[in-house]
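In case you want the letters, here they are:
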Amino acid sequence: MPDMSAETATATPDARTERRAKRIAKNLTSFAAQHGGSADAVVEYVGAVATRIVVVGADGAWGDQVAPSYAVGRRAAELAGLTLHDDFEGELALKVKTGPYEWRRMAGIQLGG
């Protein structure tokens, strides 16, 4: 088994951010390719140790990906070639297509289920 401690000890935070972002960018690129070839995204904090990348494909399908930090999430979206938005409002929100699952889930939450 190779000694990874030397590699970890010499890696700068920027190098680590880049490696993590590249891994996540592969998922985002794949999503965009499967949903119209392009996608929009919003990177938002969800806590001290996580960031959520909400992605909306050109066809209106949407999903999300969690990143360990805002810097990693933003860099991943940039590497994937996504169009970044500051917030999830207006034109971006209108692109989202919700299906029966989402409508049932939202109704259940509103009704206490």
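Right, let's walk through the structure included here. (Residues numbered from 1 in each chain as written. Predicted model: local features only at pLDDT ≥ 70, side-chain atom pairs only at ≥ 80, totals over all residues. Heavy atoms only, no water.)

### Concerning the side chain of Thr51
Using the following cut-off: Only DSSP runs of H or I covering at least 4 residues are called helices, and only runs of E covering at least 2 are called strands; the numbering of each starts at the N terminus. Under this definition, polar contacts are N or O atom pairs within 3.5 Å; protein pairs additionally need one hydrogen-donor-capable and one acceptor-capable atom, and for neighbouring residues in sequence, both atoms have to be side-chain atoms. Pairs of residues are marked as contacts when any of their non-hydrogen atoms sit within 4.5 Å.
Inspection of the secondary structure puts Thr51 in strand 2 (residues 50-57). From its side chain, Thr51 meets the backbone oxygen of Ser69 in a polar contact 3.4 Å long. A polar atom in the side chain of Thr51 sits 2.9 Å from the backbone nitrogen of Tyr70. Thr51 has contacts with Val43, Glu44, Tyr45, Val46, Gln65, Val66, Ala67, Ser69 and Tyr70, leaving out every residue within four places of it along the chain.

### Side note on the sheet that holds strand 1 (residues 39-47)
As a reminder, the rule being used: In short, DSSP must find at least two bridges between two strands for them to pair. Helix axes are fitted only over the stretch in contact, all axes being lines through C-alpha atoms; the angle between N-to-C directions runs from 0 to 180 degrees.
Here we have 4 strands laid out as an open sheet, ordered 3-2-1-4, and mixed in their pairing. Looking at strand neighbours, the two that pair on one side only are strand 3 (62-67) and strand 4 (83-85), the edges of this open sheet. For this sheet the average axis-to-axis angle between neighbouring strands, irrespective of direction, equals 30 degrees. Where strand 1 lies against strand 2, 8 bridges are found, and the strand directions are antiparallel.

### A few points about the pattern of salt bridges
Cut-off, in case you're wondering: Salt bridge criterion: a side-chain nitrogen from Lys or Arg within 4 Å of a carboxyl oxygen from Asp or Glu. To sort residues, take the accessible area from a 1.4 Å probe on protein chains only and compare it with the maximum for the residue type: under 20% means buried, over 50% means exposed, and anything in between is partly exposed.
Applying the stated criterion to the full structure yields 6 salt bridges. For Glu78, the salt bridge is made with Arg74, and the minimal N-O distance between the two is 3.7 Å. Separated by 4 residues within a single helix, Glu78 and Arg74 lie in helix 3 (residues 70-79), roughly one turn from each other. Residue classification places Arg74 among the partly exposed residues on the basis of a relative accessible area of 31%. For the salt bridge of Glu78 with Arg75, the shortest nitrogen-to-oxygen distance reads 3.7 Å. In this pair, Glu78 and Arg75 are both assigned in helix 3, 3 residues apart and thus about one turn of the helix distant. Owing to a relative accessible area of 39%, Glu78 belongs among the partly exposed residues under this scheme.

### A short note on the nonpolar core
Selection criterion: Among buried residues, those of type Ala, Val, Leu, Ile, Met, Phe, Trp, Tyr and Cys that are joined through side-chain atoms within 4.5 Å constitute a nonpolar core.
Core analysis: the biggest nonpolar cluster contains 17 residues, and Ile24, Leu28, Ile53, Val55, Ala76 and Leu82 have the highest contact counts within it. Among the secondary structure elements, those contributing two or more residues to this core are helix 2 (13-34), strand 1, strand 2 and helix 3. Among the elements that line this core, the one with the most residues is helix 2, at 6 residues. When neighbours within four sequence positions are excluded, Val55 is seen to be in contact with Leu28, Phe31, Ala39, Asp40, Ala41, Ala61, Trp62, Gly63 and Leu82.

### Considering the pairing of strand 2
Where burial is concerned, most of strand 2 is hidden: 7 out of the 8 residues are buried. Hairpin connection between strand 1 and strand 2: a loop of 2 residues separates the two successive antiparallel strands. Relative to strand 3, strand 2 is paired through 6 bridges, and the arrangement is antiparallel. From the neighbouring strand, Val55 faces strand 3, where its bridge partner is Gly63. Turn length for the strand 2-strand 3 hairpin, with the two strands adjacent in sequence and antiparallel, is 4 residues, and the turn residue Gly60 shows positive phi of about 95 degrees.

### With respect to the side chain of His35
In this structure, His35 sits in the loop between helix 2 and strand 1. A residue is classified by how much of its surface remains accessible, and His35, at 19% relative accessible area, is buried. Aside from chain neighbours lying at most four places away, what touches His35 is Gly57, Ala58, Asp59 and Ala61.

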